[in-house]
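What the coordinates show
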Amino acid sequence: QVQLVESGGGLVHAGGSLRLSCVASGSIFSRDAMGWYRQAPGKQRELVARLTSGGNTDYADSVKGRFTISRDNAKNTVYLQMNSLKPEDTAVYYCAVDTSITYPRRYWGQGTQVTVSS
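**So, the sheet that holds strand E3 (residues 18–26)**
Across the sheet, 4 strands lie side by side as E1-E3-E8-E7; this open sheet has antiparallel pairing. Sheet topology places strand E1 (2–7) and strand E7 (67–72) at the edges, where each strand pairs with a single neighbour. Ignoring which end each strand starts from, the neighbouring axes of this sheet average 15 degrees apart. Bridge count between E3 and strand E8 (residues 77–82): 6 bridges; the pairing is antiparallel. Among the inter-strand pairings, Arg19 is bridged to a residue of E8, identified as Gln81.

**Describing the side chain of Thr99**
With respect to the secondary-structure elements, Thr99 resides in strand E9 (residues 91–99). Residues in contact with Thr99, not counting those within four places in the same chain, are Ser27, Ile28, Asp32, Pro104, Arg105 and Tyr107.

Cut-offs and rules
Residues numbered from 1 in each chain as written. Predicted model: local features only at pLDDT ≥ 70, side-chain atom pairs only at ≥ 80, totals over all residues. Heavy atoms only, no water. Pairing = 2+ DSSP bridges. Helix = DSSP H or I, 4+ residues; strand = E, 2+ residues; numbered from the N terminus. Axes fitted to C-alpha atoms, helices over the stretch in contact; angles between N-to-C directions. Contact = heavy atoms within 4.5 Å.

Okay, here's the thing in structure tokens:
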């Protein structure tokens, strides 16, 4: 069983910053990739940032240079530092972990709302 709990969302003015946290519990290993995705109204869920155990990262073009993903394996926690926020960043942000004990499987958190006002 895997559970992910996100926190840190909220309302912020354009240009402001937020830091999201995601704590994973259960059968999580350091080799498992963790990341952040978001879904805005009327749009499909998209990758925001992803980090693997090897330190590789993948960012959406729209957030490069503004967002930073990091991970604390000892706490099974992944963070997303969001700077220079824009109204178009408004979305529900979801944490995810990819496990592969038996077969590849992605677990999702419940999501945290991020709203950026202009």
